[in-house]
Amino acid sequence: MLRLSVSLLKATLESAADGILAVDLERRIVLFNRRFTEIFLLTDEALARRDDAYALDCVRDLMRDPDAFRSRIEEIYRHPDASSFDVFELKDGRLIECYSLPQHLAGVVVGRVWSHRDVTARVRAVQQRDQLLQEERRARADAEEALRLRDEFVAIASHELRTPLTSLQLVMQGLERRLAPGLDIEQARAAVARCNRQIRRLADLVDALLDVSRIQAGKLELQPSEVDLGAVVRDAAAQLADQLAQAGSELIVHAEGPVVGRWDSDRLEQVVTNLLTNAIKFGGGRPIEIVIASDGRTARLSMTDHGIGIDRGAQSKLFERFKRGVSAKHYGGLGLGLYIARVFVEAHGGRVHVKSELGQGSTFTVELPLSQAAPPPS
Ligand SMILES: Nc1ncnc2c1ncn2[C@@H]1O[C@H](COP(=O)(O)OP(=O)(O)OP(=O)(O)O)[C@@H](O)[C@H]1O
Ligand SMILES: [Mg+2]
């Protein structure tokens, strides 16, 4: 009968999916199964001593945090009456769930039985699911933010397009009324100039929208030729002479000599125009300085205004699509100028950055390799 019980116990032990270890109060190993040795990569020799402390020394180096493992085991042994539950991580990435119960004989504790289970696959699956869930949540939040920005942009763009249209309508209606009784030529000339300004504004807005859709479609192609950066700045400044005069900002350009590189002059003029319209718009009517220089490899254009400046936190976002640092109520604009400027500069293998203090003004710097090497961004 006893032999039958022992054989049944042995069979049960060996068929268990968990690694089992029984230890008496002197910390002698009373019993273990094959699975236990497999989990902790223990040899028969290591267990032949039947010494739990020695077995613990053998597994020590397997553990991710050997000291924490050892002190936790000692703490469990200090409370012979208590059960325990832990998950230990091994250096090879496995996670072992470790459960122990005091062994009683006639109501007295005579040792402890440990059972160990490799739960790596289960835990990793849960971790993976959590990570996927988090990524999905983040992607959804990003998509919602993109949608919100787009909706806001459509509203701003419609308003921006509507404003010059309304001005145009008013000037044209005024002209129409005055046509009948015989029109004063000077008044007509002024009205046509006003119309042209609004038409130019409309064309600029539509160009910006076209540029963005071209960039988004990956259809930005540069047409490089020998270009003098100083000439580009002069052309952009001439186009904006009216706006400069209206704002009362003086433009001072410093250039030691020609800075010539292989660039797309139209795109570069757009970059300078976008920076300069900002300097005019946010420059508070104070002087604007442009410095052009070259170190033989890189051309550098920096534009400084002494206007409202930009909050530190907002600075890194300004070069993204639709991002603005001011409210639409106070300043017009689509929030596209700096984004387009950055993409154009990067398409030339260059970079653009800003230094600014709130209330003190801003300096935008464009750096361009003299010979354009980088391909347009994808
Ligand atoms: N020189 C500057 N001084 C202060 N703030 C600036 C300056 N340049 C840009 N900013 C800030 O950066 C934001 C983004 O500029 P960006 O040129 O991209 O857009 P915008 O001028 O608002 O509109 P758009 O140029 O499309 O008409 C601006 O709304 C403004 O908050
Ligand atoms: Mg702008």
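Calculation notes
Residues numbered from 1 in each chain as written. Chains lettered and ligands numbered in written order. Predicted model: local features only at pLDDT ≥ 70, side-chain atom pairs only at ≥ 80, totals over all residues. Heavy atoms only, no water. Helix = DSSP H or I, 4+ residues; strand = E, 2+ residues; numbered from the N terminus. Buried < 20%, exposed > 50% of the residue type's maximum accessible area, 1.4 Å probe, protein only. Contact = heavy atoms within 4.5 Å. Pairing = 2+ DSSP bridges. Axes fitted to C-alpha atoms, helices over the stretch in contact; angles between N-to-C directions. Core = buried A, V, L, I, M, F, W, Y, C linked by side-chain atoms within 4.5 Å. Domains from an automatic or database assignment. Parallel < 35°, antiparallel > 145°, perpendicular 65-115°, else oblique. Left-handed = near helix turned anticlockwise from the far one by under 90°. Nonpolar A, V, L, I, M, F, W, Y, C, P; charged D, E, K, R; others polar. Buried area = accessible area lost by both parts, 1.4 Å probe. Salt bridge = Lys/Arg side-chain N within 4 Å of Asp/Glu carboxyl O. Polar contact = N/O pair within 3.5 Å; in protein donor to acceptor, adjacent residues only side chain to side chain. Expected span 1.5 Å × (residues − 1). Disulfide = S-S within 2.5 Å. Patch = residues over 30% accessible without salt bridge, like charges linked within 9 Å, V, L, I, M, F, W, Y side chains within 5 Å. Areas by Shrake-Rupley, 256 points an atom, 1.4 Å probe, with all protein chains shown as cover.

### Points about the side chain of Thr273
Assignment of secondary structure puts Thr273 in helix H10 (residues 265-282). Residue class for Thr273 comes out buried when judged on its relative accessible area of 18%. Discounting residues that sit within four places of it in the chain, Thr273 has contacts with Ala236 and Leu240.

### Some points on the sheet that holds strand E12 (residues 361-369)
The mixed open sheet is built from five strands, whose spatial order is E7-E9-E10-E12-E11. Sheet topology places strand E7 (251-255) and strand E11 (351-357) at the edges, where each strand pairs with a single neighbour. The mean angle between the axes of side-by-side strands here comes to 15°, regardless of whether they run parallel or antiparallel. Sheet topology note: the strand E9 (residues 288-294)/strand E10 (residues 298-305) ladder contains six bridges and is antiparallel. Residue pairing across strands places Glu289 opposite Thr304, the latter belonging to E10. Each of E11 and E12 is contacted by helix H12 (residues 337-347), which is oriented at about 25° to E12, the strand it contacts most.

### Digging into the nonpolar core
Core analysis: the largest hydrophobic core is formed by 53 residues, its most contacted members being Leu229, Trp263, Leu301, Met303 and Val366. Of all the elements, H12 adds the most residues to this core, at eight residues. Structurally, this core is a two-domain feature, drawing no fewer than three residues from each of domain 2 (126-216) and domain 3 (225-369). Membership of the second largest hydrophobic core comes to 24 residues, among which are Ile39, Ala55, Leu90 and Trp114.

### Here's the deal with the packing of helix H7 (residues 185-216) against H12
Running from N to C, H7 and H12 cross one another at 50°; their axes reach a closest spacing of 10 Å. Compared by their axis directions, H7 and H12 come out oblique. Read as a crossing pair, H7 and H12 show a hand that is left-handed. In this structure, H7 uses Ala208, Asp211, Val212, Ile215 and Gln216 to contact H12, whose residues at the interface are Tyr339, Ile340, Val343 and Phe344. For the contact of H7 with H12, the residue count by class is seven nonpolar, one polar and one charged.

### Quick notes on the domain arrangement of the protein chain
Taken domain by domain, the protein chain consists of domain 1 (12-118), domain 2 (126-216) and domain 3 (225-369). On the side of domain 3, 16 residues touch domain 2, which itself brings 17 residues to the contact. Across the domain 2/domain 3 interface, buried area totals approximately 1,400 Å², and carbon plus sulfur atoms make up 70% of it. For the interface between domain 2 and domain 3, the tally reads zero salt bridges. On inspection of domain 2 and its partner domain 3, the count reaches two residue pairs in polar contact (both at pLDDT 80 or more). Listed by contribution, the elements that provide at least two residues to the side of domain 2 that touches domain 3 are helix H6 (120-179) and H7. It is H7 that provides the largest number of residues to the side of domain 2 that touches domain 3, a total of eleven residues. Per-class residue counts for the side of domain 2 that touches domain 3 are nine nonpolar, one polar and seven charged.

### Digging into H10
Helix length check: H10 (18 residues) gives 25 Å between terminal C-alpha atoms against 26 Å at 1.5 Å per residue, within 8%. Those residues of H10 that fall on the buried side of the exposure criterion are Arg267, Leu268, Val271, Val272, Thr273, Asn274, Leu275, Leu276, Asn278, Ala279, Ile280 and Phe282. Between the side-chain oxygen at the start of H10 and the backbone nitrogen of Asp266 there is a gap of 3.1 Å, and the oxygen is on Asp264. Note on H10: the residue one or two positions beyond its end, Gly284, has a positive phi of about 60°.

### Considerations on the state of the cysteines
The full count for this structure, using the stated rule, is zero disulfides. For Cys58, which is in no disulfide, the shortest distance to another cysteine sulfur is to Cys98 and amounts to 16 Å. Since its relative accessible area comes to 31%, Cys58 is described here as partly exposed. Classification of Cys98 by relative accessible area gives buried; the value is 2%.

### What about a nonpolar patch on the surface?
Residues Phe85, Val87, Tyr99 and Leu101 make up a contiguous nonpolar surface patch of about 380 Å² in total accessible area. Assignment of secondary structure puts Tyr99 in strand E4 (residues 95-105).

### Observations concerning H6
End to end, H6 covers 87 Å across 60 residues, agreeing with the expected 88 Å (1.5 Å per residue, within 8%). Burial in H6 covers these residues: Thr120, Leu149, Phe153, Ile156, Ala157, Glu160, Pro164, Leu168, Val171, Gly174 and Leu175.

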